[in-house]
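# Structural features, examined
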Amino acid sequence: MASRRSGVALVSHPAMREAAAHDTTLEDGAEHQESAERVRAVWDALRGAPSAAAEPERGARVAAAVADFVVDVPDLTPRESAAWLERAKLVHSASYLGALSRACSELRDGAVSPLTPRFLGKGRGGATRVSRRSFETALQACAVVGAAVELVATARVEDRAHVAPRHALCAVRPPGHHAGVSGPNAEVGGCGFCLVNAVAVAAAAHAAELHRASAAACAREPPRVAIVDVDVHHGNGTEECLRERFGQGGGGTFLYASVHLLETFEDPNLDFFPGTGHDAEDAARAGARKRPAPGGAGGRRDPDAVTVVNCPLTPLWVRRPKRGARRGRAGFRAAVSDRVLPALRGFAPDLVLVSLGVDGALGDVGNTNEAGDPGLDLQPEDFRFVGSELARLGAPVVAALEGGYGRFDEGRGFDRSSVVGCVAAFVEGLQQSGSAGVGSAAAARGAADARDGES
Ligand SMILES: [Zn+2]
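Residues numbered from 1 in each chain as written. Predicted model: local features only at pLDDT ≥ 70, side-chain atom pairs only at ≥ 80, totals over all residues. Heavy atoms only, no water.

### Section: the overall build of the protein chain
Worth spelling out the cut-off: In DSSP terms, a helix is any run of H or I states spanning at least four residues, a strand is any run of E spanning at least two, and both are numbered starting from the N terminus. Here the term buried applies to any residue with accessible area under 20% of the maximum for its type, exposed to any over 50%, and partly exposed to those in between, with areas from a 1.4 Å probe on protein chains only. Whether two residues are in contact is decided by their heavy atoms: any pair within 4.5 Å suffices. Per-residue and other accessible areas were derived by the Shrake-Rupley procedure at a 1.4 Å probe size, with only the shown protein chains allowed to occlude residues.
Scanning the protein chain for helices and strands turns up 13 helices and 12 strands. Within the span of the protein chain, comprising 455 residues, buried residues form 57% of the whole. By sequence separation, contacts in the protein chain at least 24 residues apart represent 79% of the contacts at least 6 residues apart. Per element, the accessible surface of the protein chain, about 18100 Å² overall, is 50% carbon and sulfur.

This is the structure we're talking about:
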């Protein structure tokens, strides 16, 4: 029987688009760069609201692609909430989750409090902020990503009237990829607007489920879950969670690949946030590492550890880049083509989760320095390219929004159209890849067939 999966699901929850659910408003009443408005703009555009589409033709194509599978997941019941808290403990410490939950519940309605002092970027930033419902909203975001994984990777096609989505986009916030085992990384001094690492939580929960299933079936192949992070900032939290929780004896279950800007100084306060994510291969070639990354080597799969592929890009504002340094759109695409995709093909994932930050877009405050110079100049086409290439691997792809803020104009506030355009283009890439998954590494292992009984 041919595959009954097609299309891309759009998965969210009303709290993801509601300002009061995770209020980040600045002290002067101005909108924080990481606000519900970003997710609402994406949601509206992907649902075909004509006013939201920066590129109407692409908007219409993408809206048609997701139209069959628009899912607002239900509110978590107390029991489900407790279950997601347990899953969050697969990657975060119980003490961090407890402290974050208390910090939020002790706030009065309408109050907004800084969680960490460190500013991210030099735009209309502000510390990582929390309000009364932030923790429950962060857990709800985990549940959205979990529901998307279930839709594309776990649920049997027959259960869903013989049709199910092939891939999914999760319109979620708060972002999560800077949240490490204990939340804010002490060395980095910030949490980059992140609270609970929804992508890492969903990856760990899904891997645990696959482990149980393969043990029951006496399968010899361990499950493999890849996380691809295209946010302009290194996902230091995700890398830390995977290394610390699954680095030893993890059975080679996880691969983390990231393409990000990196610029570091003697004074870490001057680093481009978070100042981590050096390329282990580059460092090995140079004979020394400026800031050693613990264990792991890019690209080569260690059968018993977490594979990490860090692909740093040099910001465009650096006047004298090192010879061979990757930068700009061409550098981004080269990193994806030459490093990320080969590593993924070798790894043959059962599931690809994407930390879909679109703050590498030209003009986004997330990659702009104090002088207004861009560090990266990505266009929607670059995100379409990534979506298309990832979908061609053959495994289901579940992308969750991370950073991506748009332009800021002192008089008019935020223009979120680049966020919408880049996310829509990524979804278009997923959709346009069609059924190119046939013959992929994962399919060759028979994993897909065993999982959803489509063949
Ligand atoms: Zn970012």
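### Side note on the sheet that holds strand E9 (residues 351-356)
As a reminder, the rule being used: Any two strands with at least two DSSP bridges between them are considered paired. Axes, fitted as lines to C-alpha atoms, cover a helix only where it is in contact. Angles between the N-to-C directions of the axes lie from 0 to 180 degrees.
Ordered by their spatial adjacency, 8 strands build an open sheet running E2-E1-E5-E10-E9-E6-E7-E8, and the pairing between neighbours is parallel. Two strands close off the open sheet at either side, each with one partner strand: strand E2 (70-72) and strand E8 (307-313). When the angles between neighbouring strand axes are averaged without regard to direction, this sheet yields 15°. By the bridge criterion, 7 bridges tie strand E7 (residues 254-261) to E8 in an arrangement that is parallel. Looking across to E8, one finds that Val 259 is bridged to Cys 311.

### Regarding helix H1 (residues 36-46)
When you tally the buried positions in H1, you get 8 out of 11 residues, the bulk of the element. Residues of H1 that are buried include every one of Ala 36, Arg 38, Val 39, Ala 41, Val 42, Trp 43, Ala 45 and Leu 46, and no others. Its buried side turned inward, H1 meets strand E1 (8-12), helix H2 (56-66), E2, strand E5 (167-170), strand E10 (397-401) and helix H11 (417-432). Looking one or two residues past H1, Gly 48 carries a phi angle of roughly 90°, positive in sign.

### Focus on the environment of Ala 399
Mapping Ala 399 onto the fold places it in strand E10. Given a relative accessible area of 0%, Ala 399 falls into the buried group. Each C-alpha atom of the pair Ala 399 and Val 352 lies 8.2 Å from the other, and the pair is 47 residues apart in sequence. Excluding its chain neighbours within four sequence positions, the residues that come into contact with Ala 399 are Ala 168, Leu 169, Cys 170, Val 354, Leu 356 and Phe 426.

### Description of the coordination of the zinc ion
Six octahedral donors at a metal ideally form angles of 90 or 180 degrees, and four tetrahedral donors ideally form angles of 109.5 degrees. Here is the rule we go by: Note that water is not among the atoms considered, so a metal site may appear incomplete; the donors listed are N, O and S atoms within 2.8 Å of the metal, with 3.2 Å applied to Na, K and Ca. Sites are called tetrahedral only when four donors show all angles between 85 and 135 degrees, square planar or octahedral only when four or six donors show opposite pairs over 155 degrees and all other angles between 65 and 115, and irregular in any remaining case.
Around the zinc ion, the protein contributes the donor atoms Asp 231 (OD), Asp 231 (OD), His 233 (ND1) and Asp 359 (OD), at 2.0 to 2.8 Å from the metal centre. Taken together, the 4 donor atoms coordinating the zinc ion span angles of 52 to 151° at the metal, a pattern that classifies the geometry as irregular. Sequence positions of the residues that donate to the zinc ion give the spacing D-x1-H-x125-D. A residue pair is termed long-range when its members are at least 10 positions apart, and His 233 in the loop between strand E6 (225-229) and helix H7 (236-246) and Asp 359 in the loop between E9 and helix H10 (380-391) qualify at 126 residues.

### Focus: the packing of H2 against H11
Keep this limit in mind: Any angle that falls under 35 degrees is termed roughly parallel, while one over 145 is termed roughly antiparallel, one within 65 to 115 roughly perpendicular, and all others oblique. The handedness criterion is simple: a crossing whose near helix is rotated anticlockwise from the far helix by less than a right angle is left-handed, and one whose near helix is rotated clockwise is right-handed. Residues are sorted three ways: Asp, Glu, Lys and Arg are charged, Ala, Val, Leu, Ile, Met, Phe, Trp, Tyr, Cys and Pro are nonpolar, and all the rest, Gly among them, are polar.
One can describe the packing of H2 onto H11 by two numbers: an axis separation of 9 Å at closest approach and a directional angle of 55°. Considering the angle they form, H2 stands oblique to H11. Handedness of the crossing formed by H2 with H11: left-handed. On the side of H2, the interface is formed by Arg 58, Arg 61, Val 62, Ala 65 and Val 66, while H11 contributes Gly 421, Ala 424, Ala 425, Val 427, Glu 428, Gln 431 and Gln 432. Each residue belonging to the contact of H2 with H11 can be placed in one class, and the counts come to 6 nonpolar, 3 polar and 3 charged.

### A short note on the packing of aromatic side chains
Rule in force here: Side-chain rings of Phe, Tyr and Trp (the six-membered ring for Trp) are treated as a pair once their centres are within 6.5 Å; stacked means planes under 30 degrees apart, edge-to-face means over 60, and tilted covers the remaining angles. A ring is scored as having a charge over it whenever the NZ atom of a lysine or the CZ atom of an arginine sits within 6 Å of its centre and within 35 degrees of its normal.
Considering all chains together, one arrives at 5 aromatic pairs under this definition. Measuring from ring centre to ring centre gives 4.7 Å for Phe 246 and Phe 254, while their planes differ by 45°; the resulting arrangement is tilted. Classification of Phe 246 by relative accessible area gives buried; the value is 19%. In this structure, Arg 333 is placed above the aromatic ring of Phe 385, and the distance from its NZ or CZ to the ring centre is 4.6 Å.

### Section: the pattern of salt bridges
What counts here: Between Lys or Arg on one side and Asp or Glu on the other, a salt bridge is scored when a side-chain nitrogen of the former is within 4 Å of a carboxyl oxygen of the latter.
Going through the model one piece at a time under the given rule, you end up with 20 salt bridges. Between Arg 416 and Glu 31 there is a salt bridge, and its shortest N-O distance comes to 2.7 Å. One end of the pair, Arg 416, is in the loop between strand E12 (413-415) and H11; the other, Glu 31, is in the loop between E1 and H1, and 385 residues separate them in sequence. Classification of Glu 31 as partly exposed rests on a relative accessible area of 33%. Of the charged contacts in the structure, one is a salt bridge between Arg 40 and Glu 37, with a shortest N-O distance of 2.5 Å. Taken as a pair, Arg 40 and Glu 37 lie in helix H1 at a separation of 3 residues, close to a single helical turn. Looking at Glu 37, the relative accessible area reads 30%, which means it is partly exposed. Ionic contacts of the salt-bridge type, sharing partners, join the residues Arg 58, Arg 61, Glu 381, Arg 384 and Glu 428 into one network.

### Things to note about the pairing of E6
The element E6 is largely enclosed, with a buried count of 5 among its 5 residues. Of the strand pairs in this sheet, E6 and E7 are connected by 5 bridges, and their pairing is parallel. Bridging across to E7, Val 228 finds its partner in Ala 257. Bridging between E6 and E9 involves 5 bridges; their strand directions are parallel.

Geometry only, nothing functional implied.
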